[in-house]
2 protein chains.
Amino acid sequence: MATNITFHPGAVMQDERAEHLGQKGATIWLTGLSASGKSTIATALEQHLLHKKLHSYRLDGDNIRFGLNKDLGFDQASRVENIRRIGEVSLLFSLSCSITLTAFISPYISDRDLARSLHEKHSPPIPFIEVFVDAPLDVVEQRDPKGLYKKARAGEIKDFTGVSAPYEAPAKPEIHIRTDEVDVKGAVAIIVEYLEKQGLIPA
Amino acid sequence: MATNITFHPGAVMQDERAEHLGQKGATIWLTGLSASGKSTIATALEQHLLHKKLHSYRLDGDNIRFGLNKDLGFDQASRVENIRRIGEVSLLFSLSCSITLTAFISPYISDRDLARSLHEKHSPPIPFIEVFVDAPLDVVEQRDPKGLYKKARAGEIKDFTGVSAPYEAPAKPEIHIRTDEVDVKGAVAIIVEYLEKQGLIPA
């Protein structure tokens, strides 16, 4: 039986955890229109961090909408609750010293600001890095990999962000990436450089 | 700017993640009466794993009830939803290759079985290790660090597990610890040994 059990009374402090694990936690909140490149960038960034042996986890529609938030619909209250829960879970992941990536359209400033405030009002505050994944509507509408814009234009999808529902662009995102001008590799490099400069990951 | 960005198309596979990070994920679900020792064991186990530079995170009342689940009350539907969400979040943490610890009374077999099924029905399945943190009622009632049993006996707290609400003991927990017979160090050693034998953490 293991005999080398060491511990002290009380919960693990945040700086103690970061020291043991050699990394700090942070939430990288990607926001932008459908087909702007959020999931592609998040997936590539997650891989890059894992290759560096850094813990990172990506929350997106696939693992949230069919799991934690499968009880939620698409009415306004559900929309707010959807983003609130994602904000809470991303905070928990970042507290565990993971680089947490979220890839949701999250079109409303108020919803994103709630997620931010959960991080910034935490004691100690946890970095919340809002990344505006930006491409003009006509560009994403031409990409339209799932045919969603076409359906929205045909009226088959209601309240579709950019077509029949607003997208409120971030006023002061920590990072602004134009995906019609920068490729995936370039986008990942921009975020990695930011994380390094902030001392969140080793340079 | 970072120029060594590497990635492949598509999401990170579970075995790829485990290989990069040098650890697998698993959920260790502690269940037992109030004051049975769940939080104490979870806190000590978390510290032990962090000292070994293994990612681990503990979900408990403090970080769940005041965050993700602060919208929930204590009626039966809320109780089920509380454990469902904890099950979903612990699955996400374990998918990120963290050793995830949950410390909730979780008195009902059906609730715990739902949490288990989320893990075991996932593709690939994620280990779900139910730990029965067991001490006789008269022992925990004597400990009563927060005076909750006293209040429950006085009728000041309703539906209190073990006093005025049932505790359904696990029929076949992966691990059974009698905390009136084993101290915290011993309890942690039992769980660590199990994790090592299962190949979930390095021996």
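Throughout this document, residue positions are counted from 1 along each chain, in the order its sequence is written. Naming scheme: in the order in which they are written, chains are lettered from A and ligands are numbered from 1. In keeping with the model being predicted, local features are shown solely for residues with a pLDDT of at least 70 and side-chain atom pairs are shown and tallied solely at 80 or more, while totals for entire chains, interfaces and linings include all residues. To obtain the side-chain values, all non-hydrogen atoms of the structure were used and water was disregarded.

**Observations concerning the side chain of B:Ser78**
All names here are of chain B.
For step 1, the next point in the chain: Its location among the elements puts Ser78 in helix H4 (residues 76-95).
For step 2, the next point in the chain: Classification of residues uses two cut-offs on accessible area relative to the type maximum, computed with a 1.4 Å probe and protein chains only: under 20% is buried, over 50% is exposed, and between them is partly exposed. A residue is classified by how much of its surface remains accessible, and Ser78, at 10% relative accessible area, is buried.
For step 3, the next point in the chain: Here the side chain of Ser78 touches Asp75 through a polar contact of 2.6 Å, side chain to side chain. Only DSSP runs of H or I reaching four residues or more are called helices, and only runs of E reaching two or more are called strands; each is numbered from the N terminus. The definition of a polar contact used here is a pair of N or O atoms within 3.5 Å, where within protein one atom must be able to donate a hydrogen and the other to accept one, and adjacent residues in sequence count solely through side-chain atom pairs.

**Some thoughts on the sheet that holds strand S4 (residues 128-134) of chain B**
Picture the strands of a sheet paired through backbone hydrogen bonds; they go either parallel or antiparallel.
Residue and element names in this part refer to chain B.
For step 1, the next point in the chain: What makes two strands pair is DSSP finding at least two bridges between them. The strand order S2-S3-S1-S4-S5 describes an open sheet built from 5 strands, whose pairing is parallel. Looking at the sheet topology across the chains shown, the edges are occupied by strand S2 (56-60) and strand S5 (175-178). Adjacent strand axes in the sheet meet at a mean angle of 20° when their direction is disregarded.
For step 2, the next point in the chain: Note that S4 and S5 share 4 bridges and pair parallel. In the strand pairing of S5, Asp134 is matched with Arg178.
For step 3, the next point in the chain: When checking whether two residues touch, look at their non-hydrogen atoms; a contact exists if any pair is within 4.5 Å. Axis definition: a line fitted to C-alpha atoms, over the contacting stretch in the case of helices. Angles run 0 to 180 degrees between N-to-C directions. Of the strands in this sheet, strand S1 (26-31) and S4 are in contact with helix H5 (residues 109-120), which crosses S4 at around 155°.

**Some details on the UniProt feature "domain: APS kinase" (unreviewed entry) in chain A**
For step 1, the next point in the chain: UniProt positions are given in the numbering used here, feature names are shortened, and annotations may be inferred rather than shown by experiment. Under the local residue numbering, the UniProt record ascribes the feature "domain: APS kinase" (unreviewed entry) to residues 24-178 of chain A.
For step 2, the next point in the chain: Summarising residues 24-178 of chain A: 43% helix, 17% strand, and an end-to-end C-alpha distance of 27 Å.

**A closer look at helix H8 (residues 184-197) of chain B**
Every α-helix winds through 3.6 residues per turn, so residues three or four apart in the chain are directed the same way.
For step 1, the next point in the chain: Helix span, as expected, comes to 1.5 Å for every residue beyond the first. Here H8(B) is 14 residues long and its end C-alpha atoms lie 20 Å apart, about the 20 Å a rise of 1.5 Å per residue gives.
For step 2, the next point in the chain: The complete set of buried residues in H8(B) reads B:Gly186, B:Ala187, B:Val188, B:Ala189, B:Ile191, B:Val192 and B:Leu195.

**A few points about the interface of chain B and chain A**
For step 1, the next point in the chain: Taken together, the contact pairs 54 residues of chain B with 54 residues of chain A.
For step 2, the next point in the chain: We define a salt bridge as a contact between a side-chain nitrogen of Lys or Arg and a carboxyl oxygen of Asp or Glu at a distance within 4 Å. For the pair chain B and chain A, the number of links is 6 salt bridges.
For step 3, the next point in the chain: Applying the counting rule to chain B against chain A returns 12 residue pairs in polar contact (both at pLDDT 80 or more).
For step 4, the next point in the chain: Of all elements in the fold, only helix H1 (14-21), helix H2 (38-51), S2, helix H3 (61-68), H4 and H8 of chain B reach the threshold of two or more residues within the side of chain B that touches chain A.
For step 5, the next point in the chain: For the side of chain B that touches chain A, the element with the most residues is H4(B), which contributes 8 residues.

**Focus: the packing of aromatic side chains**
For step 1, the next point in the chain: Under the pairing criterion, centres of Phe, Tyr and Trp rings, with the six-membered ring standing for Trp, must be within 6.5 Å; the plane angle then separates stacked pairs below 30 degrees from edge-to-face pairs above 60, leaving the rest tilted. For the structure on display, the rule yields 9 aromatic pairs over all chains.
For step 2, the next point in the chain: Centroid distance A:Tyr149 to A:Phe160: 5.0 Å. Interplanar angle 85°. Geometry classified as edge-to-face. One end of the pair, A:Tyr149, is in helix H7 (residues 148-153); the other, A:Phe160, is in the loop between H7 and strand S5 (175-178), with 11 residues separating them in the sequence.
For step 3, the next point in the chain: Relative accessible area serves as the criterion here: at 1%, A:Tyr149 is assigned to the buried category.
For step 4, the next point in the chain: Here the aromatic residues A:Tyr57, A:Phe93, B:Tyr57 and B:Phe93 are joined through ring pairs into a cluster of three or more.

**Here we look at the nonpolar core**
For step 1, the next point in the chain: By convention a nonpolar core is built from buried Ala, Val, Leu, Ile, Met, Phe, Trp, Tyr and Cys residues, the set being connected through side-chain atoms within 4.5 Å. Counting residues in each nonpolar core, the largest one holds 34 residues, and the members touching the most others are A:Leu59, A:Val89, B:Leu59 and B:Val89.
For step 2, the next point in the chain: Breaking this core down by element, the ones donating at least two residues are strand S2 (56-60), helix H3 (61-68), helix H4 (76-95) and helix H5 (109-120) of chain A together with S2, H3, H4 and H5 of chain B.
For step 3, the next point in the chain: Not counting the four nearest positions on each side in its chain, B:Leu59 is found in contact with A:Leu92, B:Ile64, B:Ile86, B:Val89, B:Ser90, B:Phe93, B:Thr100, B:Leu101, B:Thr102, B:Ala103 and B:Phe104.

**Some details on the relation of the copies chain B and chain A**
For step 1, the next point in the chain: Copy-to-copy alignment: least squares on C-alpha atoms, limited to residues at pLDDT 70 or above in both. Overlaying chain B on chain A yields an RMSD of 0.0 Å, the required transformation being a rotation through 180° with an accompanying axial translation of 0.0 Å. Both copies of the chain, as the preceding transformation shows, are related through a two-fold rotation axis.
For step 2, the next point in the chain: The fraction of interface residues of chain B whose copies in chain A are also interface residues reaches 100%, indicating that both copies meet through the same surface.

**A short note on the sheet that holds strand S4 (residues 128-134) of chain A**
Residues and elements named next belong to chain A.
For step 1, the next point in the chain: Across the sheet, which stays open at both edges, the 5 strands sit in the order S2-S3-S1-S4-S5 with parallel pairing between neighbours. Each edge of the open sheet is held by one strand with a lone partner, namely S2 and S5. When the angles between neighbouring strand axes are averaged without regard to direction, this sheet yields 20°.

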